[in-house]
Amino acid sequence: MKYSYFPGCSLRGLGRAYEESLLPVMQHLGVELQELDDWNCCGATAYMAVDEAKACVLAARNLALAERSGLHQVMAPCAACYLVLNKTKHYLQDYPAMKAKIDRALAAVDLTYSGNMPVRHPLDILLNDVGLEAIKRRVQRPLKGLKVAPYYGCQIVRPYSTFDDQNNPTSMDRLIEALGATVVRYPLKTKCCGGSLTGTVPRAGIRMVYILLDEARKRGADCLATVCPLCQFNLDAYHADVKSTYGGVALPTVYFTQLMGLAFGLPESQLGLNRAAVRFKWRPAPAGAPPPPSAATPAPVTA
Amino acid sequence: MKIHRTIKYESDCVRGFGRELMSVPGCEQLERCIQCGTCSGVCPLSIYMDYTPRQVMALTRADFKREVLHSHTIWLCASCYACTVECPQEIRITDIMYELKQRAILERVYPRGFPIPVLAREFTAMVRKHGRITEMVLVIRLFLQTSWLAALGNWRLGLDLMRTGRFSLITERIKRRHEIARMFDALDGTKGKGP
Amino acid sequence: MVSLKQEIRIGFYVCHCGHNIASMVDCPEVASYVGKLPGVVLSRDYKYMCSDPGQELIQKDIKEFELNRVVVASCSPLLHEHTFRTATAAGGLNPFFFHMVNIREHDSWVHTDRAEATAKAKALARAAIRRVAHHKALEVKKVPVHPDVLVVGAGIAGIHAALTLANAGKKVFLIEREPTIGGHMAKFDKTFPTLDCAACILTPKMSEVGTHENITLWSHSDVVKMDGYVGNYTVTVRRRPRYINEELCTGCQECISNCIYKEPKFADHFNEGLGKRKPVYIPFPQATPQIVLIDPEVCLNFKRGVLTDKCKKTCVEACGDRKAIDFTQHEEFKEIKVGSIIVATGFKAFDVKRVPQYGYGAYPNVYTALEAERLVNASGPTGGEVVLRDGRRPQAIGIIHCVGSRDKKTNRWCSRVCCMYSMKLAHLLKEHTGAELYNFYIDIRAPGKGYEEFYDKLNEEGVHFIRGRVGEVTDWAMAPEEDGKLVIRVEDTLAGFVRRIPVDMVVLATGLEPQADSQAVRRLFNMSCGTEGFFLERHPKLAPVNTFTDGIFIAGCCQGPRDIPDTVAQAGAAAAESMVLIDRGYVEQEPNTAYILPDCSGCKSCLPLCPYTAITFDDATKKAVINEALCKGCGTCVGSCPSGSIGQNLFEDEEVFSEIQGVLAHD
C-alpha cells in the first residue's frame with residue numbers, strides 16, 4: 001500500500017501535530033507514503049472567494065504532479081485540502097470548458113492531468129484499505145476508559161461523501177472503538193466549527209466553538225477527536241476567549257492519529273501531544289494494567 | 001424613533017445580474033429556487049446574517065445587486081456546504097456565495113479593513129509568490145492591515161503558539177515558484193472566468 | 001403478387017392542423033406536388049381535416065370524383081385514423097382503402113427547418129400514395145367481450161369499482177393481497193376536510209363487498225399471470241394459505257385468546273409496527289373477511305414457514321366443533337376468465353429511513369404520519385391515547401410537511417394530500433392532547449372542496465403554521481427549555497428569522513410513491529409507467545383511467561397521488577369504461593390478421609412461435625391454419641416463415657415495399 005502524500009500548508013504550520021502523529025502511525029501499519037514532489041498550496045477556501053479558475057489550477061497542478069509520480073492515489077489528511085482537491089476533480093469532470101482552460105494552463109508548465117486521480121482521506125484508507133481488524137491487532141495499550149466525542153466537521157462529509165454517510169458518519173466512531181475507547185453520542189459531529197471566522201468575526205466564530213465544546217462536555221466526553229487542522233486549532237486555541245465570554249470548558253481536542261499512536265504504544269514524543277494549548281493528559285494503562293479513571297471533570301459554566 | 005422608507009423600484013435592480021451569475025457553470029440551478037428556507041434553517045451562521053441565505057438567493061435572482069454585494073451574508077458564509085447538501089432543488093448555494101464574494105472583491109464593495117477580503121487578498125498574494133502559505137506570517141499580515149488592537153488582544157494565543165512550537169515565521173515555499181505565475185498568466189490570457 | 005385490375009383513383013388531403021403542421025410544412029406545396037403523382041385524382045390542403053366539414057369533404061369527394069382510395073396526411077393515426085376510416089366508410093368506400101400519413105408527430109413537431117420538413121412531408125406522402133394503391137377491402141373483426149371483470153386491489157378504489165359493477169349486475173372478481181380489504185383508508189382515523197370517521201364510511205362498503213352476490217372476494221391472494229387481450233383475458237390468481245378454512249371460520253377469535261402465546265409478541269403490520277399481535281391474528285377488528293389467519297413465520301407449529309406440527313395447538317382445541325383451522329392448507333392457483341381488468345393497487349408511503357436528518361429511528365418520539373394515525377385512532381395500539389414510545393404525553397408537537405416530496409434527492413413530485421392530512425393530524429392531535437401544534441410547510445396546498453375552509457378552521461384553533469422547510473431534527477439543547485426535547489431549527493421565512501422550537505413529538509408528513517412491486521405489476525398487466533413509476537394513463541386529461549392496453553384500466557393512487565374523493569371518482573370512471581365494453585358486448589379489432597398462402601410447405605416452424613396459439617396444423621391438407629379470431633396481427637409468424645408463405649392483412653409485402661420505394665424515390 002503506497003500512496004502519494006499531500007500534507008498541505010497547515011500540516012507544516014499550525015497543524016504540525018497532525019503530521020507528526022500521522023506519519024509514525026502509517027508507518028506502523030505498513031502504509032507507505034511518498035510526499036508529493038514540490039506540492040503547492042491547494043488554495044483552500046480563500047482562493048475560491050477570489051477566482052475559481054485560479055483556484056482550480058492550483059489544485060490541478062497537485063493532481064498533475066500526483067499523476068507524474070507514478071502512484072495511483074493521493075492521501076490528503078487536511079480536510080480542506082481533501083475537499084478542494086475533490087471539488088476540482090468534479091469541476092473538471094462536469095465542465096469540459098473549464099477542463100480545457102485548466103489543461104492549457106497546465107500545459108504552460110509542461111504538466112498534464114487526465115482527470116482520474118483519486119484523492120482520499122486517511123480515515124478512508126484506514127477503514128477500507130488497511131481494515132479495522134489490522135488496526136485492532138496493533139493495539140498494545142487499549143484506550144479503555146476514555147470517552148471520546150468524534151468530531152468530523154464539514155469538509156470530509158460535505159458535499160462529497162465518498163466513504164461515509166453525510167448525515168451520520170461513523171468511520172471515525174468505529175476506528176475509535178477499535179482502539180478500545182468509548183464513543184459518546186455527539187449530535188454535533190458534523191456541525192461547522194466556524195472555520196476562519198474565529199479569527200475574522202470572533203463574535204460568531206467563538207460562539208460556534210463554545211457550542212461544540214459545551215455539548216461534548218454535556219455528553220460526558222473526556223476529549224474531542226478531529227480530522228481537520230483548522231477544527232483542531234479552533235477547538236483548542238481559543239479556550240481563553242471561550243472562557244471569558246461563556247465560561248470555561250476545558251476539554252482537550254486531539255487528532256484521531258494521536259489517539260491511534262497512543263493505542264499502538266508509539267513513543268509519545270512522536271505524537272505531537274504537547275503542541276496543543278489544552279493539554280491532553282489522559283493516558284491509557286500500560287499493557288496489562290487496569291484502566292485509569294476518567295479525566296473529565298465538568299467545568300462550571302457561567303455563561 | 002428613526003423611520004425609514006424602504007420601497008424598491010425597478011430602477012433599483014441591476015438587470016442581468018442574476019442571469020449573468022446563473023450562467024456560471026455550477027450556478028444554473030438557482031432558477032429553480034422555491035424559497036423553501038432549508039438553507040437558512042441548516043446554516044449555522046444564518047443567525048448572524050443581515051439577509052439569510054434564502055433571502056440572498058431571492059435578491060440575486062431578482063437582480064438586487066447592491067443589496068446582495070453589500071450584505072454581510074456572503075462574508076459570513078463558512079462554506080460548510082450544509083445548505084448545498086440539504087437543498088431540495090440541488091442548488092449549489094455555497095458555490096453561489098463564492099461567486100458573490102468574487103464579485104464583491106472585484107468591485108471593492110466592503111468596508112475598509114474588513115478582515116475577510118483582506119485575508120483573501122493576502123492569501124492569494126502569498127500563494128502566487130511562494131506557492132505555499134506560512135500561516136503565522138499570513139495571520140500577522142492580516143492583523144497588521146485590519147486591527148492592531150485585535151492583534152494585541154490575542155497575545156495569549158501568540159504565546160501559546162510559541163510555547164507549543166507552532167510560531168514559525170520561516171517562509172514555506174515551493175521549488176518551482178515560477179510555475180504558479182506562469183499558469184495564472186496562461187489563464188488570464190483567456191480571461192480566467194466563466195466559459 | 002396482386003395485380004391492379006382496376007383504375008386507381010386516389011384522393012389526397014394534407015391537413016394544416018391549424019399552426020401545428022402549417023408552421024413547419026408548406027401544405028399547399030405538398031398538395032400541389034402530390035396532385036401530379038400517378039393515380040392521384042384530386043389533392044387538397046385544408047385547415048382541420050378532422051373537423052366535421054373536413055370529414056364531409058372526404059365523403060363528398062368520394063362520391064363526386066368516384067374515388068376508390070383516400071390518403072390523409074395529418075396527425076398520428078393513434079388520434080384520428082379511426083375518424084377518417086369512419087368518414088371513408090360514410091362516403092361509401094371500404095374503410096381500409098384509407099391510409100394515414102403522420103406529418104405532425106413525425107415531421108412538423110420534430111424538425112426546425114421548413115424546407116427539409118416540407119421535403120420530408122412530400123416523401124412520406126409519395127410513399128403513402130404508392131402503398132394505398134395496393135390496399136384491399138377488409139372487414140373489421142368483432143371479438144366478443146367476456147362479461148366478467150377483474151378488480152386488482154381492494155382499497156377504496158377497488159371497492160368502489162367492484163360495487164359499481166356488481167350493482168350493475170356484472171360479475172366481479174376482487175383480488176386483494178392483504179388478508180383484509182380496506183387498503184390505507186382503513187388505517188385512517190378521520191378523513192379531511194369533513195372529519196368523517198374513515199372506518200364509519202368505509203366499513204359499510206367493505207361489508208357490502210363481502211356479502212354481494214356478484215362479487216367473488218379473494219383476499220390474501222395475488223395475480224401471478226395474465227394472458228390474452230381485450231375482452232378475453234385469462235388470469236391466474238394465487239390464493240395464499242391462511243391455514244384457516246374460510247367457509248368454516250365464524251370470526252369468533254377464540255383461537256387468538258387461547259393461543260400458546262399468552263401475550264402478543266410480534267410487530268403488528270396494520271398498526272405500523274406500534275402494536276403487537278400473536279401468530280394467529282385478525283388484522284383489525286372490522287376486517288373483511290371476518291376471518292383470522294396464521295403467520296407461518298412465527299407460529300410455533302411451523303419452523304421458518306415449514307409445518308412441523310410440534311405445537312400443542314390450543315387454537316384448534318378452542319375452535320372445537322367448527323374445525324376451521326387447517327394446517328395442511330397450501331397455496332392454490334385459480335384460473336379465471338374476464339373481459340376487462342381494473343388495476344387499483346394503491347400507493348406506498350415514502351420510507352423515512354431515506355431522510356435520516358429527521359431523526360426517525362434515532363429518536364423514539366419521531367413518527368411517520370401513518371403511525372400518528374394509528375396513535376389517534378380509537379382502535380389503535382394505544383386506544384386513541386397519544387402516548388409516545390417513551391411513555392410521555394406530548395405538550396408540543398411538530399408536523400413536518402413535504403417529507404420525501406418536492407425534493408430532487410428523493411421524489412420530485414408533490415404528493416398532493418400531505419398538506420391536508422397534516423392539517424387533519426394537527427387538529428386531531430390538538431383535540432386529543434391539548435398540545436401546542438406546529439406545522440412546518442413550504443406551501444399550503446388546499447385545492448379541494450372545503451379544503452381552504454379547513455385551513456381557516458385550523459388557524460382559528462390556534463395551530464401555528466410556520467413557513468419554512470425543516471432541515472434537521474436534533475436533541476441538542478441550547479436553552480433550558482430545550483432540555484430533553486426534540487428541537488426543530490427552521491427559518492420562519494415569513495417572519496424573516498431563524499427559530500428553534502422544542503417539541504415532544506415530531507410527525508413526518510411522508511409523501512406517496514408507487515408500490516414497491518409496481519414495476520413487476522405493470523409488466524404483468526402490460527402497462528406503461530411514467531418516470532416517477534406511477535402507472536401511465538393513456539391521456540393525462542382526456543383518458544385518465546385508460547392505459548395503452550385496451551381493456552386494462554387503472555384507478556386511484558396507483559396512477560398518481562390523490563385524495564379519497566378523486567380516487568372514488570376515478571374508480572367509478574374505470575367501472576364505467578368496463579361497462580362500455582361489457583354492454584356493447586364486442587370489441588372491434590384491426591383486421592391485421594395473418595393468413596397462410598397456398599405454398600405453405602408444412603414445416604410447422606410457425607406453430608410454436610405464436611404468442612396467442614392461433615396457429616394449428618391441419619393433418620389432412622398438411623398445411624398450417626391460422627385461427628383469425630385468435631390472431632392479433634403481431635407479425636411474428638409472417639417474418640419467420642422460411643418459405644415466405646404467410647401474408648398479413650394491412651402489411652402485405654407489396655404494400656410495405658412500395659412504401660419504402662416511395663420514400664426513397666427521387667423526382
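Residues numbered from 1 in each chain as written. Chains lettered and ligands numbered in written order. Predicted model: local features only at pLDDT ≥ 70, side-chain atom pairs only at ≥ 80, totals over all residues.

Peer 1: Is there a simple way to explain the overall build of chain B in this structure?
Peer 2: Looking only at helices and strands, chain B features 12 helices and 0 strands. Its helices and strands taken in sequence order, chain B reads α-α-α-α-α-α-α-α-α-α-α-α from the N to the C terminus. In terms of principal-axis extent, the alpha carbons of chain B reach across some 55 × 50 × 30 Å. Across the 195 residues that make up chain B, the buried fraction comes to 46%. Here the analysis covers contacts within chain B between residues at least 6 apart in sequence; of these, 64% occur between residues at least 24 apart. (Helix = DSSP H or I, 4+ residues; strand = E, 2+ residues; numbered from the N terminus. Buried ≥ 20, exposed ≤ 12 C-beta atoms within 10 Å, placed from the backbone. Contact = placed C-beta atoms within 7 Å.)

Peer 1: How should I be thinking about the overall build of chain A in this particular structure?
Peer 2: Helix and strand content of chain A: 14 helices and 8 strands. Compactness check: chain A gives a C-alpha radius of gyration of 20 Å against a globular reference of 19 Å for 303 residues, within 12% of the reference. Referenced to the eigenvectors of the C-alpha coordinate spread, the extents of chain A come out at roughly 60 × 45 × 30 Å. Within chain A, the fraction of its 303 residues that count as buried is 61%. In chain A, once contacts between residues fewer than 6 apart in sequence are set aside, the share between residues at least 24 apart is 79%. (Rg over C-alpha atoms; globule rule 2.2 N^0.38 Å.)

Peer 1: In this structure, what is going on with the domain arrangement of chain B? I would like to understand it.
Peer 2: How big an interface is tends to be expressed through the accessible area that disappears when the partners come together. Looking at the assigned domains, one finds that chain B contains domain 1 (12-106) and domain 2 (115-189). The C-alpha centroid of domain 2 of chain B is placed 28 Å from the C-alpha centroid of domain 1 of chain B. (Domains from an automatic or database assignment.)

Peer 1: Sorry, what's going on with the domain arrangement of chain A here?
Peer 2: Residue and element names in this part refer to chain A. Segmentation of chain A into domains returns domain 1 (2-120) and domain 2 (139-275). Placing the centre of domain 1 and that of domain 2 at their C-alpha centroids yields a distance of 24 Å. At the junction of the two partners, domain 1 supplies 21 residues and domain 2 supplies 22 residues. Elements that contribute at least two residues to the side of domain 1 that touches domain 2 include exactly α1 (9-12), α2 (16-28) and α5 (79-94). Broken down by element, the side of domain 1 that touches domain 2 gets its largest block of residues, 9 residues, from α2.

Peer 1: I'm lost on the interface of chain C and chain B in this one. Help?
Peer 2: On the side of chain B, 16 residues touch chain C, which itself brings 15 residues to the contact. Ranked by residues supplied to the side of chain C that touches chain B, first place goes to strand β27 (residues 486-492) of chain C with 3 residues.

Peer 1: Any chance you could explain α2(A) here in plain terms?
Peer 2: For an α-helix, 3.6 residues make a turn, and residues three or four places apart therefore share a direction. All names here are of chain A. Look at α2: 19 Å from first C-alpha to last across 13 residues, which is about the 18 Å you get at 1.5 Å a residue. When α2 is considered as a whole, its buried residues turn out to be Ala17, Tyr18, Glu19, Glu20, Ser21, Leu22, Leu23, Val25 and Met26. Where the residues of α2 are buried, they touch α1, β2 (32-35), α7 (122-130), α12 (229-237), β8 (253-255) and α14 (256-264). After α2 finishes, the residue Gly30 shows a positive phi value of roughly 80°. (Expected span 1.5 Å × (residues − 1).)

Peer 1: Teacher, can you tell me more about the confidence of the model for chain B here?
Peer 2: Low-pLDDT stretches of the model should not have their predicted coordinates read in fine detail. All names here are of chain B. When pLDDT is averaged across chain B, the result is 89; 97% of the residues are at 70 or more. Segment residues 191-195: pLDDT under 50, and 10 contacts once partners within four positions in sequence are set aside and those in other chains are kept. Under the prediction, the complex receives an ipTM of 0.89, its pTM being 0.88. (pLDDT = per-residue confidence, 0-100.)

Peer 1: Whenever I open this one, the sheet that holds strand β31 (residues 552-554) of chain C confuses me. Can you help?
Peer 2: The pairing of strands in a sheet comes from backbone hydrogen bonds and takes either a parallel or an antiparallel form. Residue and element names in this part refer to chain C. Pairing is parallel in the open sheet, where 5 strands are placed in the order β10-β7-β6-β20-β31. This sheet does not close on itself; its edge strands, each paired only once, are β10 (215-218) and β31. Strand-to-strand twist of the sheet, defined as the mean angle between neighbouring strand axes without regard to direction, takes the value 20°. Pairing of strand β6 (residues 149-152) with strand β20 (residues 340-343), which is carried by 4 bridges, proceeds in the parallel orientation. Looking across to β20, one finds that Val152 is bridged to Val343. Of the strands in this sheet, β6, β7 (172-175), β10 and β20 touch helix α6 (residues 156-167), which is tilted by about 165° from β7. (Pairing = 2+ DSSP bridges. Axes fitted to C-alpha atoms, helices over the stretch in contact; angles between N-to-C directions.)

Peer 1: Is there a simple way to think about the environment of Pro53(B) in this case?
Peer 2: All names here are of chain B. Relative to the helices and strands, Pro53 is located in helix α3 (residues 53-61). The buried category is assigned to Pro53, around which 29 C-beta atoms lie within 10 Å. In this structure the C-alpha to C-alpha distance between Pro53 and Trp155, which are 102 residues apart in sequence, comes to 35 Å. Not counting residues up to four positions away in its chain, the partners in contact with Pro53 are Cys39, Ser40, Cys43, Ser46, Thr73, Cys83 and Ile93.

Peer 1: Help me out: how do you make sense of the packing of helix α8 (residues 115-130) of chain B against helix α9 (residues 135-146) of chain B in this one?
Peer 2: Relative orientation and spacing of two packed helices are given, respectively, by the angle between their axes and the distance between those axes. Residues and elements named next belong to chain B. Between α8 and α9, the least distance of the axes is 10 Å, while the angle of their chain directions is 135°. Put simply, α8 runs oblique to α9. Remark: the crossing between α8 and α9 carries right-handed chirality. Between α8 and α9, the contacting residues are Pro115, Val118, Leu119, Glu122, Phe123 and Met126 on the first element and Leu138, Arg141, Leu142, Gln145 and Thr146 on the second. Per-class residue counts for the contact of α8 with α9 are 7 nonpolar, 2 polar and 2 charged. (Parallel < 35°, antiparallel > 145°, perpendicular 65-115°, else oblique. Left-handed = near helix turned anticlockwise from the far one by under 90°. Nonpolar A, V, L, I, M, F, W, Y, C, P; charged D, E, K, R; others polar.)

Peer 1: Hey, could you run me through the interface of chain B and chain A in this one?
Peer 2: Listed as interface residues are 51 residues of chain B and, on the opposing side, 52 residues of chain A. Tallied by class, the residues present in the side of chain B that touches chain A amount to 28 nonpolar, 11 polar and 12 charged.

Peer 1: It is not clear to me how the pairing of strand β2 (residues 40-46) of chain C should be interpreted in this structure. Could you clarify?
Peer 2: Residue and element names in this part refer to chain C. Bridge analysis of strand β1 (residues 10-15) against β2 gives 6 bridges, and the strand direction is parallel. Within β2, the residue paired with Cys15 across the bridge is Tyr46. Chirality of the crossover, the property in question, places the unit of β1, helix α1 (residues 27-35) and β2 among those that are right-handed. (Right-handed = clockwise from strand over helix to strand, strands pointing away.)

Peer 1: Looking at this model, I keep getting lost on the nonpolar core. Mind explaining?
Peer 2: Soluble globular proteins: nonpolar side chains tend toward being buried together. In this structure, Val57(A), Ala60(A), Leu175(A), Val209(A), Leu212(A), Ala225(A) and Leu259(A) are the most contacted members of the largest nonpolar core, which totals 167 residues. If you tally residues by element for this core, the top one is helix α4 (residues 52-69) of chain A, at 11 residues. Ala166(C), Met206(C), Trp218(C) and Tyr233(C) belong to the second largest nonpolar core, which has 107 residues in total. (Core = buried A, V, L, I, M, F, W, Y, C linked by C-beta atoms within 7 Å.)

Peer 1: Explain the sheet that holds strand β26 (residues 472-474) of chain C to me, please; I cannot follow it from the model alone.
Peer 2: Residue and element names in this part refer to chain C. The strand order across the open sheet built from 3 strands is β26-β27-β28, with neighbouring strands paired in antiparallel fashion. The sheet terminates laterally at β26 and β28 (497-503), the two strands that pair on one side only. Strand after strand, the sheet turns through a mean of 30° between neighbouring axes, direction not considered. Across 3 bridges, the pairing between β26 and β27 is antiparallel.

Peer 1: Explain the packing of α6(C) against helix α7 (residues 198-211) of chain C to me, please; I cannot follow it from the model alone.
Peer 2: Residues and elements named next belong to chain C. Viewed as axis vectors pointing N to C, α6 and α7 meet at an angle of 50°, and their least axial separation amounts to 10 Å. The pairing of α6 with α7 is recorded here as oblique in orientation. For the pair α6 and α7, the sense of crossing is left-handed. In this structure, α6 uses Ile156, Ile159, Ala162 and Leu163 to contact α7, whose residues at the interface are Leu202, Lys205, Met206, Glu208 and Val209. Residues belonging to the contact of α6 with α7 are distributed by class as follows: 7 nonpolar, no polar and 2 charged.

Peer 1: Just checking my understanding: could you explain α14(A) for this structure?
Peer 2: All names here are of chain A. Burial analysis of α14 places 8 of its 9 residues in the buried class, which makes it a mostly covered element. Along α14, the residues classified as buried are Phe256, Thr257, Gln258, Leu259, Met260, Gly261, Leu262 and Ala263. Residue Gly265 follows α14 closely and has a positive phi angle near 80°.

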